[in-house]
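# Coordinates in review
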Amino acid sequence: MTAAGARARVRAELTREIAEAARRHLATQGAAALSLRAVARELGMASSAVYRYFPSRDDLLTALIIDAYDAIGTAAERAESAVERADLRGRWHATCRAAREWAVAHPHEYALVYGSPVPGYAAPEATIGPAARVAELLCRIVADGVAAGAVDADPGDGADVLTPGVAERLGLPPTLGPRIVMAWSGLYGAISFEIFGQTHGVVADHEAHFDVVVERLADLFPLP
């Protein structure tokens, strides 16, 4: 290995260790209290050394946010890809279940991206693509249904609610915009209510309840 390669490997390893320590701080202190100095202390590093990897707290938060969005997106895409392409409802269920399972296994990372905004932090444009992965996957399933003639492309829901150009990029007719937004918000609403405790003491079996919610969301189009 060349000297440059060795340095790159060390940098990648230290970057990973800093991010892992920061995730532990999310679990105990919350995102608003995340501190580069505290992370440095845990790792036995000088603060100046950590700043060479993440120049500010916001840079570290952005890295954690992108990692979280990519992780939930990868989980959903992997689950969806294992289902037969013609099974639109099966692909829908696999995507939604994978998103919930990731959230249940990583509640603090889920809270970072779907919980309360961090005071003083403004997410940069680099977070947009990763944040859209699960939603775009759901849209592709619906678009496949439209292309196959299995989903009505003109449901008569009224005006297009999507940002100009979004429907075209996803291969969707604009008339499906309201249903797409309802499904997207319904999915994360169900997950968030469970993760943040709103349905605890109300819903006895969250997994079974979630499956019912996902089934009803699929009925919005409806998916065959």
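All values derive from a computational prediction rather than experimental measurement.

### Thoughts on the overall build of the protein
Tallying secondary structure elements over the protein gives eleven helices and zero strands in all. In sequence order, the protein lays out its α and β elements as α-α-α-α-α-α-α-α-α-α-α. Counting only C-alpha atoms, the protein reaches 60 × 50 × 35 Å along its principal axes. Split into buried and exposed, the 224 residues of the protein put 41% on the buried side. Of all intrachain contacts in the protein linking residues separated by at least 6 positions in sequence, the fraction that spans at least 24 positions is 69%. Accessible surface for the protein amounts to roughly 11,300 Å². Of this, 57% is attributable to carbon and sulfur atoms. If the 21 positive side-chain charges of the protein are averaged to one point and the 28 negative ones to another, these points end up 9 Å apart.

### Looking at the pattern of salt bridges
For the structure on display, the rule yields 17 salt bridges. Among the ionic pairs, Asp70 bridges to Arg133, the shortest N-O distance being 2.8 Å. Residue Asp70 is located in helix α4 (residues 57–81), and its partner Arg133 is located in helix α8 (residues 133–147); the two are separated by 63 residues in the primary sequence. By relative accessible area, which is 19% here, Arg133 ends up buried. Notably, a salt bridge pairs Glu80 with Arg85, separated by 2.9 Å at the nearest N-O pair. By relative accessible area, which is 5% here, Glu80 ends up buried. Accessibility expressed as a relative area gives 38% for Arg85, which makes it partly exposed. Several salt bridges converge on common partners, so that one network encompasses Glu80, Arg85, Arg91 and Asp144.

### A look at the UniProt feature "domain: HTH tetR-type" (unreviewed entry) in the protein
Under the UniProt annotation, "domain: HTH tetR-type" (unreviewed entry) lies at residues 12–72. Segment residues 12–72 splits into 77% helix and 0% strand. End C-alpha atoms: 22 Å apart.

### Examining the domain arrangement of the protein
Domain annotation for the protein reports domain 1 (1–55) and domain 2 (57–219). On a C-alpha basis, the centres of domain 1 and domain 2 stand 30 Å from each other. Domain 1 puts twelve residues into the contact, and the matching count from domain 2 is twelve residues. Seen at the junction of domain 1 and domain 2, the total is two salt bridges. Put simply, Arg23 and Glu109 hold a salt bridge, and the shortest N to O gap is 3.7 Å. Linking domain 1 with domain 2 are one residue pair in polar contact (both at pLDDT 80 or more), by the criterion used here. It is helix α1 (residues 3–29) that contributes the most residues to the side of domain 1 that touches domain 2, six residues altogether. Tallied by class, residues from the side of domain 1 that touches domain 2 come to eleven nonpolar, no polar and one charged.

Cut-offs used in this document
Residues numbered from 1 in each chain as written. Predicted model: local features only at pLDDT ≥ 70, side-chain atom pairs only at ≥ 80, totals over all residues. Heavy atoms only, no water. Helix = DSSP H or I, 4+ residues; strand = E, 2+ residues; numbered from the N terminus. Buried < 20%, exposed > 50% of the residue type's maximum accessible area, 1.4 Å probe, protein only. Contact = heavy atoms within 4.5 Å. Areas by Shrake-Rupley, 256 points an atom, 1.4 Å probe, with all protein chains shown as cover. Lys, Arg positive; Asp, Glu negative; His and termini not counted. Charge placed at Lys NZ, Arg CZ, Asp CG, Glu CD. Salt bridge = Lys/Arg side-chain N within 4 Å of Asp/Glu carboxyl O. UniProt positions renumbered as here; feature names shortened; annotations may be inferred. Domains from an automatic or database assignment. Polar contact = N/O pair within 3.5 Å; in protein donor to acceptor, adjacent residues only side chain to side chain. Nonpolar A, V, L, I, M, F, W, Y, C, P; charged D, E, K, R; others polar.

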